[in-house]
Amino acid sequence: MTDSPQAIIERLRRLRAPGATCDRKLLSDLTTVADVHVRAAAGRTLEHVPLDLVERDGRALRPLKIALAATFMADNTAPLLRTELLTSGVAPTIHTVAFGQTLQELTQPGSELEAFGPQVTLILLDDGWFLPAGWDPNDFAALSRALHERFSVLREAVRAFAERSGSVVVLNTVPLSEVERRSVISFRGRARLGRVWRTLNSRLLRLAEGIDLVHALDLEATLVESATNVRDDRLFHYASAAWTITTESVYTAEAAALCRAVAGAAKKVLAIDLDGVLWGGTLGDDGPVGIQLGNVYPGNAFRDVQARVKALERQGVVVAAVSKNEQRVVDELWQANPEMLLDASAFAAFAVSWQPKDRSLRDIADELNLDLGTIVFVDDSAFECELVRTTLPAVDVIHLQGDPATFPRRLLAQRAFDVLETGAADRARTRRYHERKMRIHHALEFTTAEDYLHSLGTRIRIREADESALARLAQLARRTNQFNMVGNAVPVASDLVLSVEVADRFGDEGLVAGVWIDCAGSSWLIENFVMSCRVFARGIEFAVLQHVAERAAAAGATNLLAAFRDTGHNAAGAACYPAAGFVPVDDEAGDAAHVLRLDPLPQLHPDWITMETEKAEPDAGTR
Amino acid sequence: MPEPADDHETLEFLREAIRDITDAPVEEVGPDARLAALGNWSSLAALRLLTTIEDSLGVWLDLREYLAVETVGELDTALRDARQTNDESS
């Protein structure tokens, strides 16, 4: 039984008192509160609560610096965002730009906003900022020009700020107020206004496709589902508040998902139950043809669930089946029932057995070499959901119960898998996990690890990253937690960025690692080194370090420094530098934590790895 | 927010809502308490209280009348009036 919203606020209040005791259930209880006013009040109080009092077991909070700049008074966005993020694994530090200062703060080098050093900058846009006062309802060409002019000013400010700060910058499509639309009385004119306005919104969306660090939230589209007044005219005229608190909360839910993606808190694995979730009924009792799955309700609702899971899988979400069943019965299903939308090959892992599901989830995390905190568990049984909530607090749980027609929406409602972008690596992810499994089976044929590694025929290609590789490396850095030396923020001014691709006899792993380097004279500094957990334990990191060391020595450097910061998630990465012969260094002023002397050159390269080096076009990899 | 069933619960609801927004202890938020004298009171706090009340009770206040209210008791009265007017007009 969870406390009432009022009681939860009361518990929060107590946490501000000196000597308050920990309340580790508070954040998870807060997720049950839907009232936006209570959520905003909670956010205001949470700002003054020491986070170690509320941190949940098994869920370390990831820090993220967020700047908030609105073209209007957005009083509730910061507290709503704080509540939303703290309850989903991110500890934000929020800087709010003073009302009316947005453009100035974006464009002025050295502004307070820039000095804050945000990782994410949310720019909240309202229609009043774009619309010229007293626009002529008979002259849409003039309106269109005026809107474009405003847009151009914004575009240049955003472009310059993104380049200077390296911050992810987030814009939104803008809903046009009802009174503006009703001011045009002809239907033809109103249609024209709609088109002119949508052109502005299209330009905002296109900006996100054109500039690497810029993203756009399609707020206009998101609001359609929320059936709310976008603004309260009284508060708009009295206090320049262009959005109601409900509009702010619709925006915040979307913005928070983006912030989680930047902070590396997005989920990666969908561990999904079979009976009652992917089809109706019980496979073991009803048989492969007797289950509910097909063109008519409720079978079509279950097919829709499969369609959504398939869409997630195709974009890189790792799907695992967690079912209490006979493996043989499940295997037969694909042969027997043509209505299955999901192929068996869409699953990266099957945990089909009679053991408790918390144990199955642990097995899956081991098999995929992923943290439990990256898993979303979906089940129709209240018992299984409660079991996993209690025994594995790091795992997110979605309980699908009741009408299966509601399942697809609820599966996606938490936006748990949202990422900034998806690419080729994501589309091939499930196949790579299958190849990984073949590698593991293959390994069993060898008595020594060395023999096995030799038999893999691993090839590495290291290149200076070009523009497209830089973008993919930034994405890799955001999703990678275990082998990530300083955390998810990507260095913006590195002299040299190297991309590492790996292939072996089982397939092409693609881009799996990146190194960001500051090439300063006699001491080169590795600002960050990130590697996908898929390729752990194959000596790849040592081959990469050997390459960097040789490159530094050839350029006349005598020391190779390496930055390291304990993020609470990167124990796997922490072991790398000491194992490669780096020694700790005391560098309080700088970022370096380890150093390796380059004379004589270290011999780190494992002899089972073949190196293919290639230079990109001159200057392409540096910026 | 807990929803008051009757008018006589409105004052209790108000006091808690004011406490949530201003952090003033409920004991200090009596009918005679002046809103402007409460700690953390500001024009933004006033608007937060307004929207909280309206969304929780399903009423719509005239902003000019709301801004003219000085004490918790006056606000309680304004709210009762508004609930009655809103009921009649709906």
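Residues numbered from 1 in each chain as written. Chains lettered and ligands numbered in written order. Predicted model: local features only at pLDDT ≥ 70, side-chain atom pairs only at ≥ 80, totals over all residues. Heavy atoms only, no water.

K.L.:
Give me the lowdown on the overall build of chain A, citing residues and values where you can.
P.N.:
Looking only at helices and strands, one finds 26 helices and 18 strands in chain A. Over its C-alpha trace chain A gives a radius of gyration of 26 Å, about what one expects of a compact globule, namely 25 Å for 623 residues. By its C-alpha atoms, chain A is 80 × 70 × 60 Å across when sized along the principal axes. Evaluated residue by residue, chain A yields a buried proportion of 54% over its 623 residues. Considering only contacts within chain A whose residues lie at least 6 apart along the sequence, 73% involve residues at least 24 apart. Seen as two clouds, the 66 positive and the 84 negative side-chain charges of chain A have centres 4 Å apart. (Helix = DSSP H or I, 4+ residues; strand = E, 2+ residues; numbered from the N terminus. Rg over C-alpha atoms; globule rule 2.2 N^0.38 Å. Buried < 20%, exposed > 50% of the residue type's maximum accessible area, 1.4 Å probe, protein only. Contact = heavy atoms within 4.5 Å. Lys, Arg positive; Asp, Glu negative; His and termini not counted. Charge placed at Lys NZ, Arg CZ, Asp CG, Glu CD.)

K.L.:
Describe the interface of chain B and chain A, naming the residues involved and giving the relevant values.
P.N.:
Accessible area lost during the coming together of the parts is what is often quoted as the interface size. Across the contact, 19 residues belong to chain B and 18 residues belong to chain A. At the junction of chain B with chain A, the criterion picks out 6 salt bridges. Among the salt bridges present, the one from A:Asp75 reaches B:Arg48, with a minimum N-O distance of 2.7 Å. Looking at the side of chain B that touches chain A, the elements that each hand over two or more residues are α1 (10-22), α2 (43-57) and α3 (63-68) of chain B. With 9 residues, the top contributor of residues to the side of chain B that touches chain A is α2(B). Residues of the side of chain B that touches chain A, tallied by class, amount to 9 nonpolar, 3 polar and 7 charged. (Salt bridge = Lys/Arg side-chain N within 4 Å of Asp/Glu carboxyl O. Nonpolar A, V, L, I, M, F, W, Y, C, P; charged D, E, K, R; others polar.)

K.L.:
I'd like a rundown of the packing of helix α3 (residues 36-46) of chain A against helix α4 (residues 77-86) of chain A, residues and numbers included.
P.N.:
Residue and element names in this part refer to chain A. Close contact between α3 and α4 brings their axes to 7 Å; oriented N to C, the two are set at 85°. Comparing the axis directions of α3 and α4 gives the class roughly perpendicular. Counted together, Val36, Arg39, Ala40, Ala42, Gly43, Arg44 and Leu46 of α3 and Pro79, Leu80, Arg82, Thr83, Glu84 and Leu86 of α4 form the full contact between these two elements. Classifying every residue of the contact of α3 with α4 by side-chain character gives 7 nonpolar, 2 polar and 4 charged. (Axes fitted to C-alpha atoms, helices over the stretch in contact; angles between N-to-C directions. Parallel < 35°, antiparallel > 145°, perpendicular 65-115°, else oblique.)

K.L.:
Requested: an account of the packing of helix α8 (residues 140-165) of chain A against helix α10 (residues 187-210) of chain A, with residues and values cited.
P.N.:
All names here are of chain A. With their axes 10 Å apart at the nearest point, α8 and α10 run at an angle of 15° to one another. By the angle between their axes, α8 is roughly parallel relative to α10. Between α8 and α10 lies a crossing whose hand is right-handed. Contacts between α8 and α10 pair Phe140, Ala141, Leu143, Ser144, Leu147, His148, Phe151, Leu154 and Arg155 from the former with Gly189, Arg192, Leu193, Val196, Trp197, Leu200, Arg203, Leu204 and Leu207 from the latter. Broken down by class, the residue content of the contact of α8 with α10 amounts to 12 nonpolar, 3 polar and 3 charged. (Left-handed = near helix turned anticlockwise from the far one by under 90°.)

K.L.:
So what's going on with the pattern of salt bridges? Which residues, and what values?
P.N.:
What the rule picks out here adds up to 50 salt bridges over all chains. One salt bridge in this structure joins A:Arg551 and A:Glu464, with 2.3 Å as the shortest N-O distance. Of this pair, A:Arg551 sits in helix α24 (residues 540-554) while A:Glu464 sits in strand β11 (residues 458-464), and the two are 87 residues apart along the sequence. On the accessibility criterion, A:Arg551 (16% relative accessible area) is buried. The class of A:Glu464 is buried, set by a relative accessible area of 13%. Salt bridges here are not isolated pairs; linked through shared partners, they connect A:Glu10, A:Arg13, A:Arg16, B:Arg19, B:Asp20 and B:Asp23.

K.L.:
Could you give me a rundown of the nonpolar core, with the residues and numbers involved?
P.N.:
Residues and elements named next belong to chain A. Counting residues in each nonpolar core, the largest one holds 71 residues, and the members touching the most others are Leu361, Leu368, Ile526, Phe529, Leu545 and Leu560. Residue contributions to this core peak at 7 residues, all from α24. Lining this core are residues from two domains, each supplying at least three of them: domain 2 (269-412) and domain 3 (438-613). With near-sequence residues (within four places) excluded, Leu560 lies in contact with Trp524, Ile526, Val548, Ala549, Phe582, His594, Val595, Leu596 and Leu598. (Core = buried A, V, L, I, M, F, W, Y, C linked by side-chain atoms within 4.5 Å. Domains from an automatic or database assignment.)

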